[in-house]
Amino acid sequence: MKDLGAFLAHLLLLAFGVAMVLSAGRLEAEGRLVEAKRTARRGGWMAAVGAPVGAVGAATLPAYGAFVAIALLVSGFAAWLAGLSGKPRPTGWAAAVLLFVGVVVAIASVR
């Protein structure tokens, strides 16, 4: 269980970045396009920085660390692309799903 706590602490930047990309999608749906692009870019860069940190944190897991690291890296890359494109809605949800899958596999590997 100690490994899980160390792993989850490494996910903060990635989780905040993906959350910002998802909030940018909400802003885009409301028609606030300038704010949406600005928020998506910030969130994308935050997720791009947080993905390698989370992947390093996956090395603390006893099993399936490589799978979790790949899921987190792809999640960060997807959020980064969503931020760069300025269209955060479809790719932001894909990044959130990949982040969720990585966390679920990490929790299952510790149990």
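Bear in mind that the values here come from a model prediction, so they are computed numbers and not experimental data.

1. A closer look at helix 4 (residues 65-85)
An ideal rise of 1.5 Å per residue puts 30 Å on 21 residues; helix 4 measures up with 30 Å between its terminal C-alpha atoms. Within helix 4, burial applies to Gly 65, Val 68, Ala 69, Ala 71, Leu 72, Ser 75, Gly 76, Ala 78, Ala 79, Ala 82 and Gly 83.

2. Side note on the packing of helix 1 (residues 2-9) against helix 5 (residues 88-110)
At a minimum axis distance of 9 Å, the contact between helix 1 and helix 5 shows a crossing angle of 165°. With respect to helix 5, the element helix 1 is oriented roughly antiparallel. Between helix 1 and helix 5 lies a crossing of right-handed hand. Side by side, helix 1 and helix 5 meet where Leu 4, Phe 7 and Leu 8 of the first sit next to Val 103, Ala 106, Ile 107 and Val 110 of the second.

3. Examining the pattern of salt bridges
The full count for this structure, using the stated rule, is five salt bridges. Notably, a salt bridge pairs Arg 26 with Glu 30, separated by 3.2 Å at the nearest N-O pair. Of this pair, Arg 26 and Glu 30 are both found in helix 2 (residues 12-30), four residues apart, which corresponds to roughly one turn of the helix. Between Lys 87 and Glu 28 there is a salt bridge, with the nearest N and O atoms lying 3.8 Å from each other. Remark: Glu 28 occurs in helix 2 and Lys 87 occurs in the loop between helix 4 and helix 5; sequence separation between them is 59 residues. A relative accessible area of 52% means that Lys 87 is categorised as exposed.

Reading guide: rules and limits
Sequence order sets the numbering: in each chain, residues are counted from 1 along the sequence as written. At least 70 in pLDDT is required for a residue's local features to be given in this predicted model, at least 80 for side-chain atom pairs to be given and counted, and no such filter applies to totals for whole chains, interfaces and linings, which use all residues. Each side-chain value is worked out from all heavy atoms of the structure, with water and hydrogens disregarded. Strands are runs of DSSP state E lasting at least two residues, helices are runs of H or I lasting at least four, and both sets are numbered from the N terminus onward. One less than the residue count of a helix, multiplied by 1.5 Å, gives the span that helix is expected to have. When accessible area is computed with a 1.4 Å probe and restricted to protein chains, residues below 20% of their type maximum are described as buried, those above 50% as exposed, and intermediate ones as partly exposed. Lines are fitted to the C-alpha atoms to define the axes, a helix being fitted only along its stretch in contact, and any angle between axes, read from their N-to-C directions, falls within 0 to 180 degrees. Relative orientations are named as follows: roughly parallel for angles under 35 degrees, roughly antiparallel for angles over 145 degrees, roughly perpendicular for angles from 65 to 115 degrees, and oblique for any other angle. By convention the crossing between two helices is left-handed if the near helix lies anticlockwise of the far one by an angle smaller than a right angle, and right-handed if it lies clockwise. Contact criterion: two residues are considered in contact whenever any of their non-hydrogen atoms come within 4.5 Å of each other. Salt bridges, as used here, are contacts in which a Lys or Arg side-chain nitrogen is within 4 Å of a carboxyl oxygen on Asp or Glu.

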